[in-house]
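Analysis of the macromolecular model
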Amino acid sequence: MSEEWVKVCDEKSLTNGDMLDFDHGSKKILVAKAGGKVYATDRICTHAYADLSTGIMNEEEKTVTCPLHLSAFNLETGLPQNLPAEEPLKPYKVKIQDNAIYIKLD
Ligand code: FES
């Protein structure tokens, strides 16, 4: 399986407490900055179809809450913190290089 680092945006385009959508091929990815660190996970809720970029991010707890039925997901691990979602979001590795944000896709 091939893996690649893909550039998302300049680091300064994503401020602390913000999220952005990133699409690459058929992948829909959520990129979020919390506590000065950048995280990336799949963007579509694992419970039903909801786009987590329209949800609410809790910067302190490093979670995003689904706008539809309010499951919160840990941005680092993708694990749901409460029902009804039971399956984790897929997390992606992130690196900052040359003042830009990259995520590793497979
Ligand atoms: S669609 Fe996200 S919790 Fe139901």
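To keep things clear, this report deals only with the structure shown in the data block. (Residues numbered from 1 in each chain as written. Predicted model: local features only at pLDDT ≥ 70, side-chain atom pairs only at ≥ 80, totals over all residues. Heavy atoms only, no water.)

What follows is about the pairing of strand β2 (residues 19–24). Pairing between β2 and strand β3 (residues 27–34): six bridges, direction antiparallel. Residue pairing in the sheet places M19 in a bridge with A32 of β3. Here β2 hands over to β3 after two residues, with G25 in that stretch at a positive phi of 60°. (Pairing = 2+ DSSP bridges. Helix = DSSP H or I, 4+ residues; strand = E, 2+ residues; numbered from the N terminus.)

What follows is about unusual backbone geometry. Cis geometry marks the peptide bond from L83 to P84, where omega comes out at 15°. Within the secondary structure, P84 is located in the loop between β7 (72–74) and β8 (91–92). Of note, the phi angle at L70 is positive, near 70°, even though the residue is not glycine. Counting through the fold element by element, L70 comes out in the loop between β6 (63–65) and β7.

Turning our attention to the sheet that holds strand β5 (residues 56–58). Taken together, the three strands give an open sheet; going across it, the order is β5-β6-β7, and neighbouring strands pair in antiparallel fashion. Every other strand in the sheet has two partners, leaving β5 and β7 as the edge strands with one partner each. Here the strands of the sheet are splayed against their neighbours by 25° on average, with no regard to which way each runs. Here β6 pairs with β7 via three bridges, running antiparallel. Following the sheet pairing, T63 is matched in β7 by N74. (Axes fitted to C-alpha atoms, helices over the stretch in contact; angles between N-to-C directions.)

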